Amino acid sequence: MPEKEDTLVIRANVEVTASSLQAIVQNAKKVSGADEKGVYRVDTADKVSEMISRFLMENDFEGFVKNIDNYR
């Protein structure tokens, strides 16, 4: 993965399936666990951003966008 200073945060609308979003929320809750009152203290919007960013880095998004054939 690139160093943090080599990346930019871009706010964009991204289309995902409802089941993808549900899976992120469910898994984020499982990983974070509930506090003593049963409340989950996890920012699921941040987790969505993290998961999409990680997927793009691991699947060579940079190479994909550099290929002119992907713009047709």
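Engineer: Can you tell me about the packing of helix α1 (residues 18-32) against helix α2 (residues 44-58), naming the residues and giving the values?
Structural biologist: Two elements in contact, α1 and α2, have axes separated by 10 Å at closest approach and are oriented at 115°. By the criterion of interaxial angle, the relationship of α1 to α2 is roughly perpendicular. Of the two elements, α1 crosses α2, and the hand of that crossing is right-handed. The residues of α2 that touch α1, namely those facing Leu 21, Ile 24, Val 25 and Ala 28, are Thr 44, Lys 47, Val 48 and Met 51. Looking at the contact of α1 with α2 residue by residue, the classes come out as 6 nonpolar, 1 polar and 1 charged.

Quick notes on the rules
Residues numbered from 1 in each chain as written. Predicted model: local features only at pLDDT ≥ 70, side-chain atom pairs only at ≥ 80, totals over all residues. Heavy atoms only, no water. Axes fitted to C-alpha atoms, helices over the stretch in contact; angles between N-to-C directions. Helix = DSSP H or I, 4+ residues; strand = E, 2+ residues; numbered from the N terminus. Parallel < 35°, antiparallel > 145°, perpendicular 65-115°, else oblique. Left-handed = near helix turned anticlockwise from the far one by under 90°. Contact = heavy atoms within 4.5 Å. Nonpolar A, V, L, I, M, F, W, Y, C, P; charged D, E, K, R; others polar.

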